[in-house]
Amino acid sequence: MPLFIETLRLFNGQLSNIRFHNERMYRTQLHHFEGVQVKELAQEISIPQNLQLGLFKCRVTYEFSIEKIEFEPYHPRTIQSLRLVEANDILYSFKYQDRSSLNALAAQKGTADDVLIVKNGHLTDTSYANIVFWDERQWVTPTTFLLAGTQRAFLLEQGKIAEKKIRTEDLPKYVSARIINSMLDFETTPHIPLRSIF
C-alpha cells in the first residue's frame with residue numbers, strides 16, 4: 001500500500017488551513033482503508049518549542065495511521081516561467097509520497113522554472129502546485145486539476161478564486177498566473193506573466 005503525505009504551513013507557531021488537511025487526509029484514508037477513524041491533526045502534531053517563530057514545513061506521512069511527522073525550514077522557490085508539458089495519462093488525485101510521475105514531468109521544464117501539465121487539452125497543475133489565472137476581473141483555477149489542494153479549497157470557500165474549465169487555447173484570455181499550494185501565501189505569491197508560459 002502506498003504512503004501518503006500532508007504538507008502543512010507552520011508560521012510563527014500556527015498551522016494553516018488545518019481543517020482542509022484533516023478533510024483530505026480522511027478522504028484519502030477512507031478511499032484506501034477500511035475501519036478508518038477520524039484523526040484531528042491539531043491533536044496529532046506537537047509543535048517543538050524552537051519552531052515558534054518563522055516559516056516551516058510540517059510533513060505528515062501516513063497510511064492507515066500516521067507514520068511520522070517532520071519539520072523543516074521552508075524557503076519558497078521562485079517561479080517566473082512555466083513550460084507546457086502534455087501528460088494525458090497522469091493520475092495524482094491523492095497526495096502520494098511517491099512523486100516519481102510528477103518529477104519525470106518536472107524534468108522536462110528546460111529553461112523554464114517549472115512545468116504546467118496539460119491533460120487531454122486541459123490545463124491542470126504545475127509539478128507541485130495548483131494554479132490560478134487573472135483575466136483582469138477575477139482569479140480562476142482549472143476545474144481539471146490533478147490534486148485537490150488545500151489552499152485551493154480555502155480560496156474557493158473564501159470566494160477569492162473561481163473554477164473554470166481552461167484549455168490550452170484559452171491561455172491568451174489571461175494576463176498572468178500565480179501558483180498556489182499549502183506553503184504559499186496567495187496575497188504575496190509573484191505573478192507569472194502570460195508571455196512566460198510557453
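Our structure is the block above this text.
As the structure is a computational prediction, the values presented were derived from the model and not from experiment. (Residues numbered from 1 in each chain as written. Predicted model: local features only at pLDDT ≥ 70, side-chain atom pairs only at ≥ 80, totals over all residues. Heavy atoms only, no water.)

(A) Expanded view of the overall build of the protein chain. A count of helical and extended segments in the protein chain gives four helices and twelve strands. In terms of principal-axis extent, the alpha carbons of the protein chain reach across some 45 × 35 × 30 Å. Residues counted as buried form 45% of the 198 residues belonging to the protein chain. Counting every atom, the protein chain has about 10200 Å² of accessible surface; 49% of that belongs to carbon and sulfur. If you average the places of the 23 positive and of the 23 negative side-chain charges in the protein chain, the two averages end up 4 Å apart. (Helix = DSSP H or I, 4+ residues; strand = E, 2+ residues; numbered from the N terminus. Buried < 20%, exposed > 50% of the residue type's maximum accessible area, 1.4 Å probe, protein only. Areas by Shrake-Rupley, 256 points an atom, 1.4 Å probe, with all protein chains shown as cover. Lys, Arg positive; Asp, Glu negative; His and termini not counted. Charge placed at Lys NZ, Arg CZ, Asp CG, Glu CD.)

(B) Focus on the pattern of salt bridges. A complete count under the given rule lists ten salt bridges for this structure. Salt-bridge contacts for arginine 24 lead to glutamate 6; the nearest nitrogen and oxygen are separated by 2.8 Å. Taken together, the positions of arginine 24 in helix 1 (residues 18-32) and glutamate 6 in strand 1 (residues 4-11) put the pair 18 residues apart, joining distant regions of the chain. The burial state of arginine 24 is the same as that of glutamate 6; both residues are buried. (Salt bridge = Lys/Arg side-chain N within 4 Å of Asp/Glu carboxyl O.)

(C) Broad picture of unusual backbone geometry. Backbone geometry at asparagine 17 places phi at a positive 50°, although glycine is not the residue there. Note on placement: asparagine 17 falls in the loop between strand 2 (14-15) and helix 1. With a phi angle near 50°, asparagine 120 is a residue other than glycine that sits in the positive phi range. With respect to the secondary-structure elements, asparagine 120 resides in the loop between strand 6 (114-119) and strand 7 (122-126). Asparagine 120 gets classed as partly exposed once you look at its relative accessible area, which sits at 48%.

(D) Quick look at the sheet that holds strand 5 (residues 82-86). Read from one edge to the other, the open sheet built from three strands follows the order 5-6-7, with strand pairing classed as mixed. In the strand order of this sheet, the two ends are held by strand 5 and strand 7, each with one partner. Taken over all neighbouring pairs, the strand axes of this sheet differ in orientation by 35° on average, direction set aside. (Pairing = 2+ DSSP bridges. Axes fitted to C-alpha atoms, helices over the stretch in contact; angles between N-to-C directions.)

(E) Inspection of the packing of helix 1 against helix 4 (residues 150-158) at higher detail. The N-to-C vectors of helix 1 and helix 4 enclose an angle of 120°; their axes lie 9 Å apart at closest approach. Between helix 1 and helix 4, the interaxial angle falls into the category oblique. For the pair helix 1 and helix 4, the crossing hand works out as right-handed. Residues Arg19, Phe20, His21 and Arg24 of helix 1 form the contact with helix 4, whose participating residues are Thr150, Ala153, Phe154 and Glu157. Split by residue class, the contact of helix 1 with helix 4 holds three nonpolar, two polar and three charged. (Parallel < 35°, antiparallel > 145°, perpendicular 65-115°, else oblique. Left-handed = near helix turned anticlockwise from the far one by under 90°. Contact = heavy atoms within 4.5 Å. Nonpolar A, V, L, I, M, F, W, Y, C, P; charged D, E, K, R; others polar.)

(F) Main features of the packing of aromatic side chains. Applying the stated criterion across every chain yields a total of nine aromatic pairs. Ring centres 6.3 Å apart and planes at 75° place the aromatic pair phenylalanine 94 and tyrosine 96 in the edge-to-face group. When the ring of phenylalanine 133 is compared with that of tyrosine 174, the centres are 5.4 Å apart and the planes differ by 45°; the resulting orientation is tilted. Here the residue phenylalanine 133 occupies a position in strand 8 (residues 130-134), and tyrosine 174 occupies one in the loop between strand 10 (161-164) and strand 11 (176-180), the gap between them amounting to 41 residues. Accessibility expressed as a relative area gives 0% for phenylalanine 133, which makes it buried. (Phe/Tyr/Trp six-rings, centres within 6.5 Å; stacked < 30°, edge-to-face > 60°.)

Structural measurements only, silent on function.
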